[in-house]
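# Descriptive structure summary
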Amino acid sequence: EYDEFTMKRLALAALLAVVPAGAFHAQGSSPKSASDEANRAKDFTMKDLDGKNISLSDYRNKKVVIMDFWATWCGPCRMAMPALQSFQQKHAKHVEVLSINQLENAERVAAFVKANNLQLHVLLDQDGAVSSAYRVFGIPTLYVVDKTGILRQKYVGYRQDLEQLLEQVITPLL
């Protein structure tokens, strides 16, 4: 079902996804205004599971965005989803979780979402362009983007206290 190039990317992603829980880390700190432009999130447009075009800029000046890069076959990604869904439900007025699936077809992703009763806004990065632009080398990878479109945090890997961590990081941005 996958071509050779896609299989190699999936194999590499699988290899990189095998990250010990302790390797989950934040990269950098909240940038100051002088470096904000250097930390501006790259805009993108992708289709969601309903076929609607969704852009990161749709949320600018409206909500804090959590971009979660994942795949259906990724165990740590699946383990993070309940915390992300819970966080989204608690903060729906001010936070949007964009659950960005990597390199999988819409039918497979939709079946996974339905089977797991997920209520996250799932986007399809079927060619890997957005993942590449954001330098996603292991999954799950989460980015926190403030309301002005500035990247504030990057997390790689799974952590059991993800929801509490997001509370600490995002509350000051609301």
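Okay, so let's go over this structure. Because the structure is predicted, anything quoted here is derived from the model rather than measured.

## Let's talk about the state of the cysteines
For the coordinates displayed, the defined rule picks out 1 disulfide. Between the sulfur of Cys74 and that of Cys77 lies a disulfide, 2.4 Å long from S to S. Given an S-S torsion of about 75 degrees, the disulfide between Cys74 and Cys77 has right-handed geometry. Like Cys77, Cys74 is buried.

## Overview of the pattern of salt bridges
If you walk through the whole model with that rule in mind, you get 4 salt bridges. When the shortest N-O distance is used, the salt bridge between Arg152 and Asp146 registers 2.7 Å. Here the two residues Arg152 and Asp146 agree in accessibility, since each one is buried.

## What about the nonpolar core?
One finds Phe44, Leu56, Met67, Phe69, Leu98, Ile100 and Tyr134 to be the most contacted residues of the largest nonpolar core, which totals 30 residues. The element that contributes the greatest number of residues to this core is strand E4 (residues 64-70), accounting for 4 residues. By size, the runner-up hydrophobic cluster in this structure holds 18 residues, among which are Val64, Tyr155, Tyr158 and Leu166.

What counts and what doesn't
- Residues numbered from 1 in each chain as written.
- Predicted model: local features only at pLDDT ≥ 70, side-chain atom pairs only at ≥ 80, totals over all residues.
- Heavy atoms only, no water.
- Disulfide = S-S within 2.5 Å.
- Buried < 20%, exposed > 50% of the residue type's maximum accessible area, 1.4 Å probe, protein only.
- Salt bridge = Lys/Arg side-chain N within 4 Å of Asp/Glu carboxyl O.
- Core = buried A, V, L, I, M, F, W, Y, C linked by side-chain atoms within 4.5 Å.
- Helix = DSSP H or I, 4+ residues; strand = E, 2+ residues; numbered from the N terminus.

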